[in-house]
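Residues per chain are reported as follows:
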Amino acid sequence: MFFQPTHLPAPSKYFDTLVINYLSNNEHLKNLFKYSPDWQGLFRVIEDIQKINYNRKELKQILLQQSQRVTNTSEKTINNINLLSEKNSYTITTGHQLCLFTGPLYFIYKIASLIQLSKQFKEQLPDYHFIPVFWMATEDHDMEEINHFYYKEKIIRWNRDTDRSPVFSINTNGLSDVFEEIKNNKILSEDDLNLFFTAYLHHNNYVDATRYLVNHLFGHEGIVIIDANEKYFKQQFQSVFHKDIFENYTYHSMMASTDKLKNQHYNIQVNPREINTFLIYNHQRHLVQKKESYYLLKNTDVIFSQSELEEYLKTHPEYFSPNVLLRPLYQQTILPNIAYIGGPAEVAYWLELSNSFDAYNILYPIILQRPVIFLLPTNIQQKINKLHLSIHDIFTKDKDKIIKDILDKQHMSISLDEQRQDINNIYEKIKIQTERIDKTLLPFVNAELTRALRGIEALEQKLNRTIKQKNEIIVKQTEDIFTTFFPNNTMQDRIWNASYALKVLGYSSIKEFITSLLPYCKINFSEKYQITVLEKL
């Protein structure tokens, strides 16, 4: 099965102006990054990264050890890990939380575009190896963001209280109940039901379950999966932890970047904290905070003196954990990474971090926006055609405006503009007569005019509501179209899970769906910011 793509400029009402301008190489933003998001940026970063020495041997060994935690790591992935020991091999990375059964569609889009970008870079520079790396956010502790996925309007939820425990410590208890719910409601195809069972019920650890799942879907493409919760990696990052905690390096350097953006009237995605480091203590992840002359773990009564915390960092770096702003710096410290693919919010906060990379003397990679893709089922395309709409209409007009336009074309709406003008004309004559008799009565006349016009507007709205009710089919079809593109009033890829996508598109498994999807997930370097609507042929 294949898709017919329709490419459209990304409407600004759905996307941050900062990201659009960055990807368009806006001159005012060029002082925020070193490598432009284009082929020239690739050539420059390759030239610069060759001057940096990475601990490739240890990186390879750790990744090989991690890959053996599950049984389905592909030979292509093993070969890619081995390639990392060679100096002409570089990584391209995307990262995400460990969402249940891939969570929203953009989880898949990010990894698919990562796979495609590694191939695109290889075509440009065949003498180099570009390794696609998926960074698992194993240290995250926000269970509410990963414990569910949507199947249309239904939420499939893993009811589990982890009490601030990081993901790497979570087992798979309770997922058998989720499996039974999925099975009883016939939510997954037979292939995907077996995949869920094997991934989540054959592994005791949630991280290993996710690794197995991603390997199953993308292992044949050589995806390398990294769990950065490793003592050796944390040792490499000790100096950054130290400067963040005790000198507030990240905070001060980021404030310089955010001030520049604010001065150019851009929205700030993430505001830095004075300290951006967490500490894993008693199996819970707590933010480190400075209080007068001591340090406190947020939401606890645990305190450290500076010397105690410094000693703890020196002897146990594995218990320290980066927040969302330190994570990019951590990634670039341990990986020979030249590019990062993220969503719009990620691109925005990476831009805010540019000064921090300079302050810590860490390579700032090319930052790229993942493809923004909408899936168009056949029955929805038929409704669009029947209503004589275009895809462009869906992204540029409000739903109510489209409904009104359709009704107008079919003479199914009413306008009282002519009557408004008649009332205005009548009151103009009344004003002339009133002015001759008593000017002080003019405000009363104006108030009566306003009241009359409001009455006309209320009547017009009531008449049109009645007409709309009599044309429920048109209204329902339009609402179905918008619900498909913008479920829960947000973009499709933030709500739909792949299980629902393949159901409405007619695929037998998520893996089959991904195979068809991959060719359409390339990063487009000629059209810097666009959306793609895929209609299944």
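Residues numbered from 1 in each chain as written. Predicted model: local features only at pLDDT ≥ 70, side-chain atom pairs only at ≥ 80, totals over all residues. Heavy atoms only, no water.

Attention now moves to the packing of helix α16 (residues 378-386) against helix α21 (residues 472-485). Two elements in contact, α16 and α21, have axes separated by 10 Å at closest approach and are oriented at 135°. With respect to their mutual orientation, α16 and α21 come out oblique. Our pair here, α16 against α21, has a crossing hand that is left-handed. Contact with α16, carried on its side by Ile380, Lys383, Ile384 and Lys386, involves Gln477, Asp480, Ile481, Thr484 and Phe485 of α21 and no other residues of that element. Its residues assigned to classes, the contact of α16 with α21 shows four nonpolar, two polar and three charged. (Axes fitted to C-alpha atoms, helices over the stretch in contact; angles between N-to-C directions. Helix = DSSP H or I, 4+ residues; strand = E, 2+ residues; numbered from the N terminus. Parallel < 35°, antiparallel > 145°, perpendicular 65-115°, else oblique. Left-handed = near helix turned anticlockwise from the far one by under 90°. Contact = heavy atoms within 4.5 Å. Nonpolar A, V, L, I, M, F, W, Y, C, P; charged D, E, K, R; others polar.)

Empty space within the largest pocket amounts to approximately 1200 Å³. Elements with a minimum of two residues in the lining of the largest pocket: β2 (89-96), α5 (105-124), β3 (129-136), β4 (148-151), β11 (320-322), α13 (326-334) and α14 (344-352). If one sorts the elements of the lining of the largest pocket by residue count, α14 sits on top with four residues. Considering only residue class, the lining of the largest pocket consists of 21 nonpolar, 13 polar and eleven charged. (1 Å grid on protein atoms, 1.4 Å probe; cavity = no way out; pocket = protein on both sides within 12 Å on 5 of 7 lines; lining within 4 Å. Points joined across faces, edges and corners; volume = space filled by probe spheres on them.)

With that settled, the discussion passes to the environment of Ile531. Tracing the sequence through the fold places Ile531 in strand β15 (residues 530-536). For Ile531, a relative accessible area of 0% corresponds to the buried category. Put simply, Ile531 and Leu32 are 499 residues apart on the chain and 25 Å apart in space, counted from C-alpha to C-alpha. Other than its neighbours up to four places away in sequence, Ile531 contacts Thr6, His7, Leu8, Pro9, Ala10, Pro11, Phe15, Val372, Phe374 and Phe395. (Buried < 20%, exposed > 50% of the residue type's maximum accessible area, 1.4 Å probe, protein only.)

Moving on, we get to the packing of aromatic side chains. Tallying each qualifying case throughout the model produces 40 aromatic pairs. Note on Phe101 and Phe196: the rings are 5.5 Å apart at their centroids and 55° apart in plane angle, and the pair reads as tilted. One end of the pair, Phe101, is in the loop between β2 and α5; the other, Phe196, is in helix α7 (residues 190-201), with 95 residues separating them in the sequence. Note on Phe101: relative accessible area 0%, which makes it buried. Among the aromatic residues, ring-to-ring pairing joins Trp135, Phe237, Phe241, Tyr281, Phe304, Tyr312, Tyr319, Phe320 and Tyr330 into one connected group. The side chain of Arg285 reaches across the aromatic face of Phe278, ending 4.0 Å from its centre. When the ring centre of Trp135 is taken as origin, the NZ or CZ atom of Arg327, which lies over that ring, is 5.0 Å away. (Phe/Tyr/Trp six-rings, centres within 6.5 Å; stacked < 30°, edge-to-face > 60°. Lys NZ or Arg CZ within 6 Å of the ring centre and 35° of its normal.)

The subject of this paragraph is empty space enclosed by the protein. For the structure shown, the criterion picks out one cavity of 30 Å³ or more. Of the voids in this model, the largest cavity is the one considered here, and its volume is about 40 Å³. Only α4 (75-83), α8 (206-218) and β6 (224-227) provide two or more residues apiece to the lining of the largest cavity.

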